[in-house]
Number of protein chains: 2
Amino acid sequence: MSIETDATIADFGGKLLKLKHSAKSTNCEMKFNLFIPGSASSSKPAPVLFYLAGLTCTGDNGAEKGFFQNKASEKGIAVVFPDTSPRGLKIEGEDDSYDFGSGAGFYVDATKEPYSNGYKMYSYITDELPKAIFSQFKELDSSRVSITGHSMGGHGALTLFLKNPGKYKSVSAFAPITNPSKCPWGEKAFSGYFGENDKQRWSEHDATELLPKYPDNTDILIDVGTGDNFYKQGQLLPENFEKAAKDAGKNVKVNYREGYDHSYFFISTFAGDHVEHAAKYLLK
Amino acid sequence: MSIETDATIADFGGKLLKLKHSAKSTNCEMKFNLFIPGSASSSKPAPVLFYLAGLTCTGDNGAEKGFFQNKASEKGIAVVFPDTSPRGLKIEGEDDSYDFGSGAGFYVDATKEPYSNGYKMYSYITDELPKAIFSQFKELDSSRVSITGHSMGGHGALTLFLKNPGKYKSVSAFAPITNPSKCPWGEKAFSGYFGENDKQRWSEHDATELLPKYPDNTDILIDVGTGDNFYKQGQLLPENFEKAAKDAGKNVKVNYREGYDHSYFFISTFAGDHVEHAAKYLLK
C-alpha cells in the first residue's frame, strides 16, 4: 500500500511529513513522521536516520521535541520517526499498561498469542517501513541508513543494528534499555511477547547478549543521564552493556551526563551529537 | 510571595526550572518556566529573554517545542516562558473559547468587568513577574532584558517594548498580531477586555499605532510564514506594521518565510535567529 500524506510542514529548511500507510506486518494503519532536508532530491538523495521512540510515545514526540532536525538539516540527513506499536488491534489488555501492548511494542516480533497477531514491530521497522518509504520517496537513499533511539527505542536501535550486520551504517542510543532480560520492563515485555520460557528468543533481542556475537568491531555512542530515575531503578543497565563490550573487545562509548533525566529535554540536548555520530558514517 | 520550584531539569548545559508563585496582579497562582544557562552565576549574571506564547499555550509550549535553549545556552542568555493568562478565576465564560479568556490574556490589563478582576497580564509580565524573578535568582541580570513572542505573544512583545522605551534592550516576534484593532482576534479580545467603545485604550495596545510614537529608531525582527493560515486570514497584518514603519522611518525587518505555517515547527526553525537578535543587544 502506498503512503498517504496527512500534512506537509515546512521545518528547518526542509519539510516534515505526517504520513500513514496500511501495514501488513502490524495488521493496522501505521502513522509516522519523516523529515526530509531541503538539500535532498532524486538526483542527490539524502541518507536516512531512523529514530525509535520510547514507551508511551508515537512518531510525534521525537519530531516535536527531539530537535534532530536542526543538525539533520545542516548535514543533509533525513529522519524517520516511526510509531512504537500497532494501534487499535483490540487485543484484550493491550491498552492496560504503559509498558506493554500499545505504545510498547519493544521492536520485536511477538510469538505468543494473542500478541503474535500484529505485534511485529521488528519486521515493520527493519523491512516493511523502509521498503514503503524507499519505494515512494526517491529523494532518500536506501543504501545509507543509520539508526538511533531512546529508552525502549534505544533497545530497538541497538538490537536491530546488532542483529543485522551491514544493514545500518551506525547506531547510537539515548538512555537505552541495554539488557532487557534482566530488567523489569524487559522481563514483562519478553514474557508477554515471547513467553516466560523461551529464553533463547529473549537473548536474541538483548543487546548485551548480542554484542559479543557481532562479527565486526563497533562504534556505539550512548548517552545516559545520571539523574534518570529509570537508570537508577535498574531498567537501563548500561554498565552491563559496557562490561560486555569490554569483555568482547568492542568499542562502546557511554557518556554519563551529570544530572540529566529521561525526558526529551535530555534527548534534545544531545540530539545534535547523535546526528553527528550518524553523519560520520552516512556521509563518508 | 516567593517563587516555588516544582522541578529542576538539566537542559542544554544549564537547567530548566518549572516554577510557580502566587501573583497579585492576576489574583491566582501563576506557573512559568525559566531556562538558566550553565554559564550564569551571581558573580556573572545572565541577561534575560522573555518569550511570550500565543493563544491556548502555557509556559510549557515554548520550553518544550521552541528550541530557544540551544542558542541561548551558546550565548549565555536566560529565557523566561510565562503563562498566557490567569488560571482558574472562575469568571463565567473564561474557558468557553480558545481566543478569549483563559489562555488568551493578550498581555493587557482588562478594564471591563468581569475580566478586570485578574486579567492583568500587562502588569504581570512587565512588573510583577520580573520583580519576583530578579529578587530570587541572583544569577540573572535585571538590567539586561529583551522580549520576543509568537502570535498573540508577538503582539505582547511588540506592544510591551513600544510602550516602555528603554525597558527592553530589543524586541522580535514570530507571526505576531501586529494590528489587533483591525483583526478578528484583536477586536474580540479588546472588546471583551476594554469594551467596544474605548478606542483610545485599543490604540494604546496596538503595535501598528504605537510604532510611530516610539521616541527612538527601532531594530525589530519579525518572521512570518507565507503558509500561515492566520496570516492568510488577516489576523496578523504584518503589512500594516511595515507600512507604519516606513511612514515613520522606523527600522522593521519582516521576513516572509516561504511555506512556513503558524506552528512550533516554524518557531523552532527560526528561534536561533531571534536569540541572536536579542544577543546583539543583551551582550554588547
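Small disclaimer: the values here were computed from a predicted structure and weren't measured.

**A look at the UniProt feature "active site" (unreviewed entry) in chain A**
Residues and elements named next belong to chain A.
- The positions that UniProt labels "active site" (unreviewed entry) are, in the present scheme, S151, D228 and H262. Judged by maximum C-alpha separation, these annotated positions cover 112 residues in sequence but sit close together in space, the widest gap being only 10.8 Å.
- With respect to the helices and strands, S151 occurs in the loop between β6 (140-149) and α4 (152-163).
- Discounting chain neighbours no more than four positions away, the residues touching S151 are G54, F174, A175, P176, I177, W185 and H262.
- Mapped onto the elements, D228 comes out in the loop between β8 (220-225) and α8 (229-232).
- By relative accessible area, D228 is classed as buried at 0%.
- Contacts of D228, omitting those with residues within four sequence positions, involve A175, L236, Y260, D261 and H262.

**Focus: the side chain of N33 of chain A**
All names here are of chain A.
- Along the chain, N33 turns up in strand β3 (residues 28-36).
- In terms of polar contacts, N33 uses its side chain to reach the side chain of K18, at 2.8 Å.
- Of the polar contacts made by the side chain of N33, one reaches the side chain of D60; its length is 2.8 Å.
- Residues in contact with N33, not counting those within four places in the same chain, are L16, L17, K18, G59, D60, A63, V79, V80 and F81.

**Considering the environment of L89 of chain B**
Residues and elements named next belong to chain B.
- Of note, L89 is situated in the loop between β5 (78-82) and α3 (121-136).
- Overall, L89 belongs to the buried group, its relative accessible area being 18%.
- Each C-alpha atom of the pair L89 and L221 lies 35 Å from the other, and the pair is 132 residues apart in sequence.
- The contact partners of L89, leaving out residues within four places of it in the chain, are T26, N27, C28, E94, N117, G118 and Y119.

**Brief notes about the relation of the copies chain B and chain A**
- With an RMSD of 0.0 Å, the fit of chain B onto chain A corresponds to turning through 180° and sliding 0.0 Å along the axis. What the rotation and shift describe, once combined, is the action of a two-fold rotation axis. Considering only C-alpha atoms, the residue of chain B closest to the rotation axis is K65 of chain B, which sits at 2.7 Å.
- Of the residues that chain B buries at the interface, 95% are likewise interface residues in chain A, meaning the two copies contact each other through the same surface.

**Brief notes about the pairing of β3 of chain A**
All names here are of chain A.
- Summarising burial for β3: 7 of the 9 residues are buried, a large majority.
- Turn length for the strand β2 (residues 14-23)-β3 hairpin, with the two strands adjacent in sequence and antiparallel, is 4 residues, and the turn residue N27 shows positive phi of about 60°.
- Here β3 runs beside strand β5 (residues 78-82); their pairing, made up of 4 bridges, is antiparallel. Among the inter-strand pairings, F32 is bridged to a residue of β5, identified as P82.

About the criteria used
- Residues numbered from 1 in each chain as written.
- Chains lettered and ligands numbered in written order.
- Predicted model: local features only at pLDDT ≥ 70, side-chain atom pairs only at ≥ 80, totals over all residues.
- Heavy atoms only, no water.
- UniProt positions renumbered as here; feature names shortened; annotations may be inferred.
- Helix = DSSP H or I, 4+ residues; strand = E, 2+ residues; numbered from the N terminus.
- Contact = heavy atoms within 4.5 Å.
- Buried < 20%, exposed > 50% of the residue type's maximum accessible area, 1.4 Å probe, protein only.
- Polar contact = N/O pair within 3.5 Å; in protein donor to acceptor, adjacent residues only side chain to side chain.
- Least-squares fit on C-alpha atoms with pLDDT ≥ 70 in both.
- Pairing = 2+ DSSP bridges.

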